[in-house]
Structures are given as structure tokens and as C-alpha cells.
Amino acid sequence: LGARRAPAPSNRPPSRLAAHTYVRTRTTRIPRQPVQGVIVATRSTIVYPNPELLAQAVAARTLLTIGDLLAEAGRMRVDIAVTGGTDGNRVFAELKASPLSATVDWSRVHIWWGDERFVAADDDDRNAKQARRVLFDGMIADGTLPAENIHEMPADSRSADRIAADSPERATQV
């Protein structure tokens, strides 16, 4: 979703730095002259004072971007990649709470996972399970988001013992 924890920029006085500064990096594409059609990306870093404000900003920008993309002529759908974890779950909660969420045609949005923990599908540490609990299950239940629009990474259904037994390292040790 574009949010991450990062060290504070080095141009700030050390006495004012927190343990973590919450930032969002925004990329803007602008045409470069004189070569026609070449795109140059510029980046800017926005520093937020706390993770809650960062999550609110990421949610608002995400919803506005989805809405803008869906409004483009000829665009059938928007695909977004999400991550989980503490910061991701904060963003999911803000997506749910935002009035902008009601302006999105979620039937045209497909959710893909950019990462996932190597845990069982029903494990509480699984990012997709956490996101479903925070946001997606409610959207599916009320018909806002079709379940088939959520594309989770598959979980390995083997037991930990079976995985260990099947690992290449184990095969070379036997």
C-alpha cells in the first residue's frame, strides 16, 4: 500500500528524531523533453508524526487513486497489491472507516497479496486472514467486494514435520 517504516531523513536534527519515522514515498511520472514518450519518475518523501496518521493518509490516497483509475475511459478494473502486518492492518482499518470507500466500485477492484508469511491458511499470523478479519470479510458479507476478487497466496498444507522431511537440506543429510 505504499507505507513503510524508515529511519528519519538525515537533514533533521538528531534531538528531534523518534525511534521510527513513518513515511510514504510518492512517485510522480512526468514527461521528459525532448525525447517524446519517455517517462521519468520523481519521488518525494512525506513524513508523518505517527503510524495512525500515516495509515489515514495511505488509505485516503489509495481510495482516491482507485477512484481516479476506475474513472478512466475504457478501464475495466483496477488491480492492487497489498501487504499485511501491523502497518497494513492499520491501513485496512482506515480503508474501512473512510467515507471515500463508499465511492469505489469494489466489484471492479482485484486485491493481490504482495507478500505472505509461510504459515497455514488458518493461522492467526497469516496476513490474508488478518486482512479478511479487519476489512475484506465485511465487504464480502455485505456484497461490496466479490470474494473471487481477492487473490491470496496459497498456503502450504503440509505439516511442519512433512515440510522438514521434504526439504532439500534434509535429503542431503540422510
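Provided above is the structure to which this section pertains.
Throughout what follows, the structure given in this document is the object of discussion. (Residues numbered from 1 in each chain as written. Predicted model: local features only at pLDDT ≥ 70, side-chain atom pairs only at ≥ 80, totals over all residues. Heavy atoms only, no water.)

**Brief notes about the overall build of the chain**
Consideration 1: In terms of regular secondary structure, the chain is built from five helices and six strands.
Consideration 2: In sequence order, the secondary structure elements of the chain are arranged as β-β-β-α-β-α-β-α-β-α-α.
Consideration 3: Considering the chain as a whole, with its 174 residues, one finds that 29% of them fall into the buried category.
Consideration 4: Look at the contacts in the chain between residues 6 or more apart in sequence, and 60% of them connect residues 24 or more apart. (Helix = DSSP H or I, 4+ residues; strand = E, 2+ residues; numbered from the N terminus. Buried < 20%, exposed > 50% of the residue type's maximum accessible area, 1.4 Å probe, protein only. Contact = heavy atoms within 4.5 Å.)

**As for the packing of helix H2 (residues 85-97) against helix H3 (residues 127-141)**
Consideration 1: Running from N to C, H2 and H3 cross one another at 20 degrees; their axes reach a closest spacing of 9 Å. Classified by the interaxial angle, the pair formed by H2 and H3 is roughly parallel. As H2 packs across H3, the resulting crossing turns out to be right-handed. Side by side, H2 and H3 meet where Gly85, Asn89, Phe92, Ala93, Leu95 and Lys96 of the first sit next to Asn127, Gln130, Ala131, Val134, Leu135 and Phe136 of the second.
Consideration 2: Looking at the contact of H2 with H3 residue by residue, the classes come out as seven nonpolar, four polar and one charged. (Axes fitted to C-alpha atoms, helices over the stretch in contact; angles between N-to-C directions. Parallel < 35°, antiparallel > 145°, perpendicular 65-115°, else oblique. Left-handed = near helix turned anticlockwise from the far one by under 90°. Nonpolar A, V, L, I, M, F, W, Y, C, P; charged D, E, K, R; others polar.)

**Brief notes about the packing of helix H1 (residues 51-70) against H2**
Consideration 1: Taken N-terminus to C-terminus, the directions of H1 and H2 make an angle of 55 degrees; their axes are 8 Å apart at the nearest point. Between H1 and H2, the angle falls in the class oblique. The two elements H1 and H2 cross, and the hand of that crossing is right-handed. Contact residues: Pro51, Glu52, Ala55, Gln56, Val58, Ala59, Thr62 and Leu63 in H1; Asp87, Arg90, Val91, Glu94 and Leu95 in H2.
Consideration 2: Its residues assigned to classes, the contact of H1 with H2 shows seven nonpolar, two polar and four charged.

**Digging into the sheet that holds strand E4 (residues 78-82)**
Consideration 1: Spatially, three strands are ordered E4-E5-E6 in an open sheet, and the strand pairing comes out parallel. Since the sheet does not close on itself, it has two edges, and those belong to E4 and strand E6 (150-151), each with one partner.
Consideration 2: Note: E4 against strand E5 (residues 109-113), five bridges, orientation parallel. When the bridges of E5 are listed, Ala81 appears paired with Trp112. (Pairing = 2+ DSSP bridges.)

In short, the description is geometric, and any link to function would need to be established separately.
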